[in-house]
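# An overview of the molecular structure
The lines below spell out each chain.
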Amino acid sequence: MAFSSNDIYNDGTYKEKNPTWDDEFAPWKAAMVQEMINKNKLKFSSLVEIGCGAGGILEYLQIHNPAIKSCQGYDISKDAIQLAQSKNLPGIQFFNKDLLVEVTEKADLLLCIDVIEHI
């Protein structure tokens, strides 16, 4: 299902109510993901996050997992991607695309944090 440019994530509604895209909670969320990674001894070199928002979770995980060679974030919101790209995070690529429609590469680890409740 392709996303519409006339939804709340692209018409400014969500940005107005959530100007930081809740990025201040990213370190806590990422720490919970990191705990799962450590507990399960996951080894991965590529990471993709669907609904990456402002990119804070990817930033944290990249710092704490030096073996990551490919780190990509996808979000349907142009506002979220602009915020993520403005951070200029080396080694992380951000895309304003619907990954479910535009499949690119395979990833060792795929995250879908804070997405299901938006659907």
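This text goes with the structure placed above it.
Structure report, in brief. Being a predicted model, the structure only gives us computed values, none of them experimental.

Parameters at a glance
- Residues numbered from 1 in each chain as written.
- Predicted model: local features only at pLDDT ≥ 70, side-chain atom pairs only at ≥ 80, totals over all residues.
- Heavy atoms only, no water.
- Helix = DSSP H or I, 4+ residues; strand = E, 2+ residues; numbered from the N terminus.
- Buried < 20%, exposed > 50% of the residue type's maximum accessible area, 1.4 Å probe, protein only.
- Salt bridge = Lys/Arg side-chain N within 4 Å of Asp/Glu carboxyl O.
- Pairing = 2+ DSSP bridges.
- Axes fitted to C-alpha atoms, helices over the stretch in contact; angles between N-to-C directions.
- Patch = residues over 30% accessible without salt bridge, like charges linked within 9 Å, V, L, I, M, F, W, Y side chains within 5 Å.
- Areas by Shrake-Rupley, 256 points an atom, 1.4 Å probe, with all protein chains shown as cover.
- Core = buried A, V, L, I, M, F, W, Y, C linked by side-chain atoms within 4.5 Å.
- Contact = heavy atoms within 4.5 Å.

## Some points on unusual backbone geometry
- In the Ramachandran plot, Trp21 falls in the positive-phi region, its phi being about 60° despite a non-glycine side chain.
- Considering the arrangement of structural elements, one finds Trp21 in the loop between α1 (13-17) and α2 (26-39).
- According to the relative accessible area criterion, Trp21 is buried, its value standing at 12%.
- The phi angle at Asp22 is positive, at roughly 60°, despite the residue not being glycine.
- Here Asp22 lies in the loop between α1 and α2.
- Judged by relative accessible area, which is 26%, Asp22 ranks as partly exposed.

## Focus on the pattern of salt bridges
- Taken as a whole and judged by the stated rule, the model has 3 salt bridges.
- For the salt bridge of Asp114 with Lys29, the shortest nitrogen-to-oxygen distance reads 2.2 Å. Highlighted residues: Asp114 in the segment after β4 (109-111) and Lys29 in helix α2, separated in sequence by 85 residues.
- Classification of Asp114 by relative accessible area gives partly exposed; the value is 36%.
- Using a relative accessible area of 19% as the deciding quantity, one classes Lys29 as buried.
- Within the structure, one salt-bridge network assembled from shared partners comprises Asp23, Glu59 and Lys87.

## What about the sheet that holds strand β1 (residues 46-50)?
- Taken in spatial order, the 4 strands make up an open sheet running β3-β2-β1-β4, and their pairing is parallel. Of all the strands in the sheet, just β3 (92-95) and β4 have a single pairing partner and so form its edges. Sheet twist, expressed as the mean angle between neighbouring strand axes with direction ignored, is 15°.
- Note that β1 and strand β2 (residues 70-74) share 5 bridges and pair parallel. Across the sheet, the residue bridging to Ile50 is Tyr74, located in β2.

## A look at a nonpolar patch on the surface
- Taken together, the side chains of Trp28, Met32 and Met36 present a nonpolar region at the surface, about 350 Å² in accessible area.
- As for its placement among the helices and strands, Trp28 is situated in helix α2.

## Here we look at the nonpolar core
- In this structure, Leu47, Leu58, Leu61, Phe94 and Leu111 are the most contacted members of the largest nonpolar core, which totals 19 residues.
- Among the elements of the structure, α2, α3 (56-64), α4 (78-86), β3 and β4 are those that each provide at least two residues to this core.
- Here this core takes 4 residues from α2, the largest share from any one element.
- Setting aside its immediate chain neighbours within four residues, Leu47 contacts Leu58, Leu61, Ile68, Ser70, Cys71, Gln72, Leu109 and Leu111.
- If you look at the next biggest cluster of nonpolar residues, it comprises 5 residues, including Tyr9, Tyr14, Trp21 and Ala80.

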